[in-house]
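Close look at the chain arrangement
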Amino acid sequence: MSSAEPLIVQTTTDSADKAAALARGAVEARVAACAQIAGPVTSVYHWAGGIETTQEWQVLLKTTAARYPDLERHLLAAHDYETPEIIATAVVAGSAAYLSWITAETAAG
């Protein structure tokens with residue numbers, strides 16, 4: 001994986017305000033170029049020996065492989081879930097200008 005490889009990182013949280021805070025914090029810290037919030041979504045999952053069904057807000061963050069470790073650390077520190085969803089998916093194709101913008105906006109320093 002190239003350090004400039006673009007990634008979409010997904011997380012969820014239980015309120016629109018928390019989603020906005022996670023998105024804004026990551027963009028302000030330049031560990032994500034942008035973030036999109038969708039919701040509410042319904043999540044169904046195993047937790048504490050049972051099956052839970054909850055309403056959540058999904059946050060999609062655009063970053064690079066080079067910045068992923070910093071984004072993950074940021075999300076773990078900012079998130080209030082015991083085990084937050086943090087999943088990175090490689091972007092296999094996209095507009096060259098947009099992908100360059102992601103790299104420029106997340107450049108450390």
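A brief report on the enclosed structure follows. (Residues numbered from 1 in each chain as written. Predicted model: local features only at pLDDT ≥ 70, side-chain atom pairs only at ≥ 80, totals over all residues. Heavy atoms only, no water.)

Describing the environment of H46
Locating H46 in the fold gives a position in strand β2 (residues 34–47). What makes H46 exposed here is its relative accessible area of 65%. Between the alpha carbons of H46 and V27 there is a distance of 31 Å; along the sequence they are 19 residues apart. (Helix = DSSP H or I, 4+ residues; strand = E, 2+ residues; numbered from the N terminus. Buried < 20%, exposed > 50% of the residue type's maximum accessible area, 1.4 Å probe, protein only.)

Concerning the sheet that holds strand β3 (residues 50–64)
Pairing in this open sheet of four strands is antiparallel, and the strands run β2-β3-β1-β4 from one edge to the other. Two strands close off the open sheet at either side, each with one partner strand: β2 and β4 (87–90). Across the sheet, the mean angle separating the axes of adjacent strands is 30° when strand polarity is ignored. Two elements, strand β1 (residues 6–13) and β4, share four bridges in a ladder whose sense is antiparallel. Bridge pairing in β4 links V9 to A88. Contacting β1, β2 and β3, helix α3 (residues 96–105) runs over the sheet at an angle of about 95° to β3. (Pairing = 2+ DSSP bridges. Axes fitted to C-alpha atoms, helices over the stretch in contact; angles between N-to-C directions. Contact = heavy atoms within 4.5 Å.)

Points about the side chain of T13
Relative to the elements of secondary structure, T13 occurs in strand β1. Residue classification places T13 among the buried residues on the basis of a relative accessible area of 1%. What T13 contacts, discounting residues up to four positions off in sequence, is K18, A19, L22, E56, W57, H79, D80 and Y81.

Remarks on the environment of S15
Examined against the element boundaries, S15 turns out to sit in the loop between β1 and α1 (16–28). One polar contact links the side chain of S15 to the main-chain amide nitrogen of K18, over a distance of 3.0 Å. (Polar contact = N/O pair within 3.5 Å; in protein donor to acceptor, adjacent residues only side chain to side chain.)

What to know about the pairing of β2
Across twelve bridges, β2 lies against β3 in antiparallel orientation. Counterpart to T42 in the pairing with β3 is Q55. With antiparallel pairing between neighbouring strands as the criterion, β2 and β3 make up a hairpin whose turn holds two residues, including A48 at a positive phi of roughly 50°.

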